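# Analysis of the macromolecular model
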Amino acid sequence: MTDVVLRPLADAFMQVGVYVAVMVALFGWLRWRYGDRVTDGLTRRRRRLGPLVGALLGVTPGCGGAIILMPLYARRKVSFGTTVAALAATMGDSSWVVLAWNPMFALQLHALLFVVGLATGYVVDALGIDPARSVRRTPTPGMSLEPAGLAAAGGPDLAVSRRLLGGLLPRVPASTAFWGLTTPAFVVSVPVVFQMVSPEALTRILWGIDPYLGLGVLGTLTAALIFAAGRGRLADDSLETAQPRSFAAALRHSAHEASFVTVWVAVAYLAWEVVTHTTGFDGSQLALTGLLGVLVGATVGLIPGCAVQIVFTGLYVSGGIPLPTLVANAISQDGDALIPLAALRRRSAVLATVITTAPAAAVGAALLVLL
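Thresholds, definitions, all that
Residues numbered from 1 in each chain as written. Predicted model: local features only at pLDDT ≥ 70, side-chain atom pairs only at ≥ 80, totals over all residues. Heavy atoms only, no water. Helix = DSSP H or I, 4+ residues; strand = E, 2+ residues; numbered from the N terminus. Contact = heavy atoms within 4.5 Å. Areas by Shrake-Rupley, 256 points an atom, 1.4 Å probe, with all protein chains shown as cover. Salt bridge = Lys/Arg side-chain N within 4 Å of Asp/Glu carboxyl O. Buried < 20%, exposed > 50% of the residue type's maximum accessible area, 1.4 Å probe, protein only. Patch = residues over 30% accessible without salt bridge, like charges linked within 9 Å, V, L, I, M, F, W, Y side chains within 5 Å. Core = buried A, V, L, I, M, F, W, Y, C linked by side-chain atoms within 4.5 Å. Phe/Tyr/Trp six-rings, centres within 6.5 Å; stacked < 30°, edge-to-face > 60°. Axes fitted to C-alpha atoms, helices over the stretch in contact; angles between N-to-C directions. Parallel < 35°, antiparallel > 145°, perpendicular 65-115°, else oblique. Left-handed = near helix turned anticlockwise from the far one by under 90°. pLDDT = per-residue confidence, 0-100.

### Observations concerning the overall build of the chain
Counting its secondary structure elements, the chain contains 17 helices and zero strands. By sequence separation, contacts in the chain at least 24 residues apart represent 83% of the contacts at least 6 residues apart. Accessible surface, the chain: about 16,300 Å² in total, of which carbon and sulfur atoms supply 67%.

Listed below in structure tokens is the structure:
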């Protein structure tokens, strides 16, 4: 019971959730403090550097950096290549999983994603690809070319956004409880995860109480409650959450986003542990190796949102899929950024996600040859 059920639940929070929470809070603070400077610099100066900035925003962990660009593209402030660069570079919330698991590997993977996103974005702009250009209409007096809800300066209809977020973001007590557990869990997790002390030694010091297991299980259960309160949806799917208005809002959003990631990582960990213990299945039987595996990874990346991608990345961390398959999935997936783009420019969203699949398959296949 402990090894098959409780330990995977604890690992999801202690090995991934606490680090996701801290990193999302840090990036939330940076977006709150400096987000406007980035977007202002992008839209007002040197538009030819758009794909470079798009790749930089996309490669940041989570979905917020890429999401910022979607309404800017819809308002014709940035090029389609800039948008594609961000979507190819982003790994969405799956990036938190690899960051928590192996920071050095995550740095190398994100460097690769940045290069691929940068190159893809410039190729798209050089070829003049932009589906939004073909649907531009001649304005009549009083008519705006911008999508509904984006005509006002500053982005989408904030009143609608606030009403939507009211049902998505966890209430303050839930957020407080999450951070109340995350703080001591982080203190316990760091020495255990980095093998400075063993869980058994901590258990002996605390008279038989295992703080790693206890805090980990409680943290995952709390994350599950927040996940359920948000109806299983990720809060980081709008410009408002990508650019928080206060640090308190950033902390509430961080609790929700970290809970979302924790729950899906727990699903991956728990499912993998149950399957391996009951069937002896170790992943070698999966048809996710070779060129077929690369194509499967790139195809899975076409699925919008982060949930499936987090589970897929969790399989890699658990040893279930090889590196080329993971890389193909990481390049192909667009995270939650594709959702607002699809709402604003549907044709552009479809074409963008198809375009990012091509370099995903190419790079994944190249890794098969090199590795």
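### Remarks on the pattern of salt bridges
All chains considered together, the criterion is met by two salt bridges. Between Asp-210 and Arg-7 there is a salt bridge, and its shortest N-O distance comes to 3.8 Å. You can see Asp-210 sitting in the loop between helix 9 (199-205) and helix 10 (211-229) and its partner Arg-7 sitting in helix 1 (residues 2-44), a full 203 residues away along the chain. The shortest N-O distance in the salt bridge between Asp-130 and Arg-76 comes to 2.8 Å. In this pair, Asp-130 sits in the loop between helix 6 (103-126) and helix 7 (158-168) while Arg-76 sits in the loop between helix 3 (64-74) and helix 4 (80-89), placing the two residues 54 residues apart along the sequence. Judged by its relative accessible area of 26%, Arg-76 is partly exposed.

### Describing the environment of Val-78
Residue position: Val-78 is located in the loop between helix 3 and helix 4. Separated by 29 residues in sequence, Val-78 and Leu-49 have C-alpha atoms that sit 10.0 Å apart.

### What to know about a nonpolar patch on the surface
A cluster of nonpolar side chains, namely Leu-26, Trp-29, Leu-30, Trp-32, Tyr-34 and Phe-247, defines an oily patch on the protein surface of about 510 Å² accessible area. Tallying contributions element by element places helix 1 first for the nonpolar patch, with five residues. By secondary structure assignment, the location of Tyr-34 is in helix 1.

### Some points on the nonpolar core
Counting residues in each nonpolar core, the largest one holds 92 residues, and the members touching the most others are Leu-109, Phe-178, Val-261, Val-265 and Leu-341. Counting residues per element, this core draws most heavily on helix 1, which supplies 13 residues. Once residues lying within four places of it in the same chain are set aside, the contact partners of Leu-341 are Met-70, Tyr-73, Thr-83, Leu-87, Arg-346, Ser-348, Ala-349 and Ala-352.

### Some details on the packing of aromatic side chains
Per the stated rule, a full pass over the model turns up seven aromatic pairs. When the centroid spacing of 5.8 Å and the interplanar angle of 40° are considered together, the rings of Phe-227 and Phe-260 count as tilted. Residue Phe-227 is found in helix 10, and its partner Phe-260 is found in helix 12 (residues 247-279); the two are separated by 33 residues along the sequence. Like Phe-227, the residue Phe-260 is buried in the burial classification. An aromatic cluster of three or more residues is present, and its members are Phe-13, Phe-178 and Trp-179.

### Remarks on helix 14 (residues 307-317)
Most of helix 14 is tucked away: nine of the 11 residues are buried. In the segment just after helix 14, Gly-319 is the residue with positive phi, at about 90°.

### Some details on the environment of Ala-328
Relative to the helices and strands, Ala-328 is located in helix 15 (residues 323-332). Judged by its relative accessible area of 0%, Ala-328 falls in the buried class. Linking Ala-328 and Ala-365, residues 37 residues apart in sequence, is a C-alpha distance of 8.4 Å. Not counting residues within four places of it along the chain, the set of residues in contact with Ala-328 comprises Val-294, Gly-297, Ala-298 and Ala-360.

### Looking at the packing of helix 3 against helix 4
Packing of helix 3 against helix 4 brings their axes to within 10 Å, and their N-to-C directions diverge by 160°. Here helix 3 lies roughly antiparallel to helix 4, going by the angle between them. Considering how the two elements wind past one another, helix 3 and helix 4 form a crossing that is left-handed. Between helix 3 and helix 4, the contacting residues are Ala-66, Leu-69, Met-70 and Tyr-73 on the first element and Phe-80, Thr-82, Thr-83, Ala-86 and Leu-87 on the second.

### Things to note about the confidence of the model for the chain
In the predicted model, the chain carries a mean pLDDT of 77, and the fraction of residues at 70 or more is 78%. Below a pLDDT of 50 lies the segment residues 137-172, which in the model reaches 49 contacts outside its immediate sequence neighbourhood of four places, other chains included.

### Digging into the environment of Thr-313
Its place among the elements puts Thr-313 in helix 14. With a relative accessible area of 0%, Thr-313 lands in the buried category. Residues Thr-313 and Ser-94, spaced 219 residues apart in sequence, show a C-alpha to C-alpha distance of 6.3 Å. Residues in contact with Thr-313, not counting those within four places in the same chain, are Met-91, Ser-94, Val-97, Val-98 and Leu-326.

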